[in-house]
Number of protein chains: 2
Amino acid sequence: MEIISGGICAPKGFKANGIYCGIKKTNIDNQNSKTPHKNDLGLIFSEAVCTTAAVYTTNKVKGAPIIVTKKNLEKTNKKTKAVIVNSKNANTCNADGEEKAYRMCCLAAEKLAVKPEEVIVASTGVIGQVLPIEPIENGISDLVNGLSENGNEAAATAIMTTDTIKKEYAVQFEAGGRICKIGGMAKGSGMIHPNMATTLNFITTDTAISAEMLQKALDDIVKVTYNCLSIDGDTSTNDMVSLMANGLAENKEITGFGEDFETFKSALYAVMMNLTKMLAKDGEGATKLLECKCTGCPDKDSAIIIAKSVIGSTLFKCALFGEDANWGRILCAIGYADAEFDITKVDVDIKSEFGTVTVCRSGAGVAFSEDAAAKILSSDEIQVLINLNQGNESAMAWGCDLTYDYVKINGDYRT
Amino acid sequence: MEIISGGICAPKGFKANGIYCGIKKTNIDNQNSKTPHKNDLGLIFSEAVCTTAAVYTTNKVKGAPIIVTKKNLEKTNKKTKAVIVNSKNANTCNADGEEKAYRMCCLAAEKLAVKPEEVIVASTGVIGQVLPIEPIENGISDLVNGLSENGNEAAATAIMTTDTIKKEYAVQFEAGGRICKIGGMAKGSGMIHPNMATTLNFITTDTAISAEMLQKALDDIVKVTYNCLSIDGDTSTNDMVSLMANGLAENKEITGFGEDFETFKSALYAVMMNLTKMLAKDGEGATKLLECKCTGCPDKDSAIIIAKSVIGSTLFKCALFGEDANWGRILCAIGYADAEFDITKVDVDIKSEFGTVTVCRSGAGVAFSEDAAAKILSSDEIQVLINLNQGNESAMAWGCDLTYDYVKINGDYRT
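It should be emphasised that the depicted structure is a prediction, and the values quoted were computed from it without experimental measurement.

So, how was this worked out
Once a new chain begins, its residue numbering starts again from 1 and follows that chain's sequence as written. The naming scheme follows written order: chains are lettered A onward, ligands numbered 1 onward. Side-chain atom pairs in this predicted model are given and counted only at pLDDT of 80 or more, local residue features only at pLDDT of at least 70, and totals for whole chains, interfaces and linings cover all residues. Here the side-chain values reflect all heavy atoms present in the structure, with hydrogen atoms and water set aside. Between two residues, a contact is recorded if the distance between any of their heavy atoms is within 4.5 Å. The term buried area refers to how much accessible surface (probe radius 1.4 Å) is lost by two components on association, counted for both of them together. Salt bridges are defined by distance alone: a side-chain nitrogen of Lys or Arg within 4 Å of a carboxyl oxygen of Asp or Glu. Definition of a polar contact: a pair of N or O atoms within 3.5 Å, with one able to donate and the other able to accept a hydrogen when the atoms are protein atoms, and with sequence-neighbouring residues admitted only if both atoms are side-chain atoms. The convention used is that axes are lines fitted to C-alpha atoms, helices contributing only their stretch in contact, and that angles between N-to-C directions extend from 0 to 180 degrees. Secondary structure elements follow DSSP: runs of H or I of four or more residues count as helices, runs of E of two or more count as strands, with numbering from the N terminus. Oblique is the label for any angle not under 35 degrees, not over 145, and not in the 65 to 115 range, which are roughly parallel, roughly antiparallel and roughly perpendicular in turn. Whether a crossing is left-handed or right-handed is set by the direction in which the near helix is turned from the far one by less than a right angle, anticlockwise for left-handed and clockwise for right-handed. Any residue that is not Ala, Val, Leu, Ile, Met, Phe, Trp, Tyr, Cys, Pro, Asp, Glu, Lys or Arg is counted as polar, Gly included; the first ten are nonpolar and the last four charged. pLDDT is a residue-level measure of predictor confidence that goes from 0 to 100. Each aromatic pair joins two rings of Phe, Tyr and Trp (for Trp, the six-membered one) with centres within 6.5 Å, and gets the label stacked for planes under 30 degrees apart, edge-to-face for over 60, and tilted for any other angle. Exposure categories follow from relative accessible area, calculated using a 1.4 Å probe and restricted to protein chains: below 20% of the type maximum is buried, above 50% is exposed, and the middle band is partly exposed. Paired strands, in this sense, are two strands between which DSSP finds at least two bridges.

Peer 1: What is the right way to read the interface of chain A and chain B from this model?
Peer 2: It is common to give the size of an interface as the accessible area lost on bringing the parts into contact. Facing 52 residues of chain A, the contacting portion of chain B comprises 52 residues. Interface area, chain A with chain B, both sides summed: about 4100 Å², of which 58% is carbon and sulfur. Summed over the shared surface of chain A and chain B, the number is zero salt bridges. The tally of links between chain A and chain B comes to six residue pairs in polar contact (both at pLDDT 80 or more).

Peer 1: Looking at this structure, how should I read the packing of helix α5 (residues 211-224) of chain B against helix α6 (residues 259-281) of chain B?
Peer 2: The description of two packed helices rests on the angle between their axes and on the distance between the axes. Residues and elements named next belong to chain B. Viewed as axis vectors pointing N to C, α5 and α6 meet at an angle of 45°, and their least axial separation amounts to 10 Å. Looking at the two axes, α5 sits oblique to α6. Relative to α6, α5 is oriented so that their crossing is right-handed. Contacts from M213, L214, K216, A217, L218, D220, I221, V222 and V224 of α5 reach α6 at F261, F264, K265, L268, Y269 and M272. Residues of the contact of α5 with α6, tallied by class, amount to twelve nonpolar, no polar and three charged.

Peer 1: What exactly am I supposed to notice about the confidence of the model for chain A here?
Peer 2: Residue and element names in this part refer to chain A. Taken residue by residue, chain A gives an average pLDDT of 89. The fraction at 70 or more is 93%. Throughout residues 194-198 the model reports pLDDT below 50, and contacts reaching past four residues in sequence, or to other chains, amount to 28 contacts. The ipTM assigned to the predicted complex is 0.73, against a pTM of 0.78.

Peer 1: I'm lost on the packing of aromatic side chains in this one. Help?
Peer 2: Within the structure shown, the criterion is met by seven aromatic pairs over all chains. When the ring of F321 of chain A is compared with that of Y404 of chain A, the centres are 5.3 Å apart and the planes differ by 85°; the resulting orientation is edge-to-face. Here the residue F321 of chain A occupies a position in helix α8 (residues 314-321), and Y404 of chain A occupies one in helix α11 (residues 404-411), the gap between them amounting to 83 residues. Here F321 of chain A falls in the partly exposed class, since its relative accessible area comes to 24%. The partly exposed category is assigned to Y404 of chain A, whose relative accessible area is 32%. Ring centres of F257 of chain B and F261 of chain B lie 5.6 Å apart, and the angle between their planes is 90°; on these two criteria the pair is classed as edge-to-face.

Peer 1: Please explain the pattern of salt bridges as it appears in this structure.
Peer 2: Pairing between side chains of opposite charge can happen when the charged atoms of each approach one another. Within the structure shown, the criterion is met by 30 salt bridges over all chains. Residue K166 of chain B pairs with E168 of chain B through a salt bridge whose shortest N-O separation is 2.9 Å. The class for K166 of chain B is partly exposed, based on a relative accessible area of 25%. Residue K281 of chain B pairs with E381 of chain B through a salt bridge whose shortest N-O separation is 2.8 Å. Of this pair, K281 of chain B sits in helix α6 while E381 of chain B sits in strand β14 (residues 381-387), and the two are 100 residues apart along the sequence. Salt bridges sharing partners connect three or more residues here, namely D163, K167 and D282 of chain A.

Peer 1: Just to check I follow, could you spell out the sheet that holds strand β13 (residues 364-365) of chain A for this structure?
Peer 2: Where strands meet in a sheet, backbone hydrogen bonds hold them as pairs that are either parallel or antiparallel. All names here are of chain A. Strands sit in the order β13-β12-β11-β14-β10-β15 across an open sheet of six strands; the sheet is mixed. In this open sheet, the two strands that pair with only one neighbour each are β13 and β15 (393-400). The pairing of strand β12 (residues 355-361) with β13 spans two bridges and is classified as antiparallel. Across the sheet, C360 pairs through a bridge with G365, a residue of β13.

Next up, the structure:
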């Protein structure tokens, strides 16, 4: 497996584009952004029909685009050719939401000469404000005409809201005697919490794979990547991951378990795990990536629950921002995780590029150098290593620190 | 029922005291405090033996004082005479924790001429630092000698950590032909989350009531008061509520259900609900009390879960701090609450002393005046009123806004 460039356009047969059509009030939405991004409307297109898998938010309040996309996938038996997505407005909790979301599908479909049902639609931004459809109507020709094999960056910036960097990742690997590729793009960066396919994520691949195995791979990998991510504990109404496979790599179609399926899953994990880390590191206001690895667990689910509990602790997130080795808050968060284990066997270390400090052995504190700990915590990527010492399963979870800027960004998001 | 002064010393036969013994480095712990509080060691005492009920944290990491108190109550069949409590150090995750906690019981017991097992012990503060016992040994004589019927304030300040005000409440009521009293004190103000008897709370009463009914009353009221409170989603290792009843009111002992038991529960609710509101309003860094009332629910548990989901939403807490009527985040938090209901019937209003604004009807946004909403949100006590319109049960929950100061306080708590 090899990391490659090109994001969602890396796999054969996928084109993309992104434009500024005027849903955002100005054409620069986030002054603090490290990636300049004026765009607010994005498109992904494959002429070859794609077998498609998707995962949606578990929030009872579902964005209109989620409802329309679900219906579309049902109608076409999960065959799609395009994604249309806007930022700045979530098109959620609006009386005319479904009508507008379907209208977005129709606008794209007409210009692309496909069926409206073959279009996935997504929106991200403020909840409960009416989506202005005119900018999309006016922009659709430019959006479609500008589709290109290098359009991944334009699309990846079109989905950004409070994100400060675009998020893309792609890999290639060999399966069934052919080179296959998987590419992805994602947006964060607040209202992000496990329990569903947090955030908007669009994954493309040219691998030939059956609908059933594609969905199975997506479900398995979402569980250990996006669903192990938390920025703030809030579960969005519009979360979606879509995975489109057009088969143009011409490998022998993956239709069951076996080596090719495992290779495909490993590549999908690489793409989604790296996007997950990018999302965590670019969490609203974040200055540090927090990675928690929980090993020595009696079962996989417990490992996930404990790792997520630690990265979700508001208090530990604040301590991390303050670069304070307040390990008692780690142990506290392990303790309230909803899993069964013996707390008196738990070891905890904190690690970064600057070294490792042992803070807890067998559930009790260990004397350590505050100076050494401070140096380690000064890094912008921190690992918390937990060993339960009561089994062989492990899991990872990703989060970030809680900062003044998170509060600032979210104290006044609508204006 | 009538509100009275005196806190934990209001009921007959209870004395209290609080001193500065030197567990805190300086004798002024919190420069921002609205209540000056140098104290770090508190005591409550009833010469008459007390029937006792208690509720403890559900965190698997349990403070040593929790373990020792549980053992003591088992040994004496829930008969106690005193509480000793320190702040600044949680005495948790220390190898010598239980030994030190029991030593605190022994020190108090010796001076009070009671058995060590008749003493409840509690600690609050930093986790994982060795508790210095010398200051307590040196201070115990002063602590006991200073016991008085007016010592409630000295005790209430001795349990403060990042709290900015002391928290006391007391009521009197008639039961079994006698005037009975209930008094309480509590401390917050971070690492506070439902799922147990969040925070340290000590309740005293002179009501005569059986151990069984006392525990039943406490369990019922904790569920709808402290357990409906969240500051930051973190469940402390040291949470405890104790309720001591010495029977000196000489009412006919409450030994079963009936009017007296209901009256007692109403009075206990008044004390614990008001302490809960004080804890929420004084949450770390908080500028606003957030009260969420969820009505029209199919069952009580759903009402509690939904109300708690709203007051726990990090994003809505930030919006509240920014006085931004971002009601979509309320609906989002209702939507991810783990309860079964029809989101399309939900109404939401936001209310304060300055008026009420309707923001959502039947699950969809309603046009409202941003100016009127801003005025309403400028109050320091905000109510979110949710009507599910699908039943007759209701519940309340309490929280606060998320502010720069919360991050500041918790970025550097240990130093």
